[in-house]
Amino acid sequence: MDEVVSSSYGGPMKEIVYENTYITGPAGYGEGAKFQRGKVQDILRAVLKERMEKQQYDPVKAAQISKHIAEDLREKVKALGYERYKLVIQVTLGQKKGQAMRIVSRCLWDTNTDNFASEHYENDSLYCVSQI
């Protein structure tokens, strides 16, 4: 059963049709729309310091903590105005016991528009590495 929506003047509402802007890159939206690594790096540093400063490693809570850090980072970086970017955020949290660790990531991207930021934090019991 189709329902007809009427406007306040009594007639049926007209459907709004949007046209394509054909802007496919951040250059069409101005310089502020381009991913700025320095601003994101500052956010990474602040969030990791705030969340991890007095934290002790707990294997039960580690997954939840890293998930909350990733969500917090996503909110704060999106607030910078990167609506047209797909943010990939990786947070690795582990126990520090004198072991060596190497974290590597690979992806296919456009060097003119794509970029990344990475930061690490460590204390006596844990390490945390985050990449956006």
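Now for a quick tour of the structure. (Residues numbered from 1 in each chain as written. Predicted model: local features only at pLDDT ≥ 70, side-chain atom pairs only at ≥ 80, totals over all residues. Heavy atoms only, no water.)

## As for the nonpolar core
- Of all hydrophobic cores here, the largest spans 24 residues; its most connected members are Met-52, Ile-69, Leu-73 and Ile-132.
- Among the elements of the structure, α1 (37-52), α2 (62-78), β1 (90-95) and β3 (126-131) are those that each provide at least two residues to this core.
- The contact partners of Met-52, leaving out residues within four places of it in the chain, are Ile-65, Ile-69, Leu-93, Tyr-121, Asn-123, Leu-126 and Cys-128. (Core = buried A, V, L, I, M, F, W, Y, C linked by side-chain atoms within 4.5 Å. Buried < 20%, exposed > 50% of the residue type's maximum accessible area, 1.4 Å probe, protein only. Helix = DSSP H or I, 4+ residues; strand = E, 2+ residues; numbered from the N terminus. Contact = heavy atoms within 4.5 Å.)

## Looking at the environment of Phe-35
- Its place among the elements puts Phe-35 in the segment before α1.
- With a relative accessible area of 8%, Phe-35 lands in the buried category.
- When sequence neighbours within four positions are dropped, the list of residues in contact with Phe-35 reads Val-40, Tyr-82, Tyr-85, Leu-87, Asn-115, Phe-116, Ala-117 and Ile-132.

## Describing α2
- When the terminal C-alpha atoms of α2 are compared, their 24 Å separation across 17 residues agrees well with the 24 Å that a helix rising 1.5 Å per residue should span.
- For α2, every residue scored as buried is listed here: Ala-62, Ile-65, Ser-66, Ile-69, Ala-70, Asp-72, Leu-73 and Val-77. For α2, the angular spread of buried residues about the axis comes to 165°, placing them on one side. Facing away from the buried side of α2 by over 90 degrees, the exposed positions are Ala-63 and Glu-75.
- In this structure, the buried side of α2 is in contact with α1, β1 and β3. (Expected span 1.5 Å × (residues − 1). Arc of directions from axis to C-beta.)

## Things to note about the layout of surface pockets
- Here the largest pocket defines a volume of roughly 470 Å³.
- Cys-107, Trp-109, Asn-115, Phe-116 and Ile-132 are, among the 16 residues lining the largest pocket, the residues nearest its centre.
- Grouping the constituent residues of the lining of the largest pocket by class yields nine nonpolar, four polar and three charged.
- The volume enclosed by the second largest pocket comes to roughly 250 Å³. (1 Å grid on protein atoms, 1.4 Å probe; cavity = no way out; pocket = protein on both sides within 12 Å on 5 of 7 lines; lining within 4 Å. Points joined across faces, edges and corners; volume = space filled by probe spheres on them. Nonpolar A, V, L, I, M, F, W, Y, C, P; charged D, E, K, R; others polar.)

## Focus on the pairing of strand β2 (residues 118-122)
- The alternating pattern of β2 places Glu-119 and Tyr-121 on a buried face and Ser-118, His-120 and Glu-122 on a face that is not buried.
- Between the antiparallel neighbours β2 and β3 lie three residues. (Pairing = 2+ DSSP bridges.)

## Examining the pattern of salt bridges
- Following the criterion strictly, the structure yields four salt bridges and no others.
- The partner of Lys-96 in a salt bridge is Glu-122, and the shortest N-O contact between them spans 2.8 Å. Of this pair, Lys-96 sits in the loop between β1 and β2 while Glu-122 sits in strand β2, placing them 26 residues apart in sequence.
- Using a relative accessible area of 35% as the deciding quantity, one classes Lys-96 as partly exposed.
- Relative accessible area serves as the criterion here: at 44%, Glu-122 is assigned to the partly exposed category. (Salt bridge = Lys/Arg side-chain N within 4 Å of Asp/Glu carboxyl O.)

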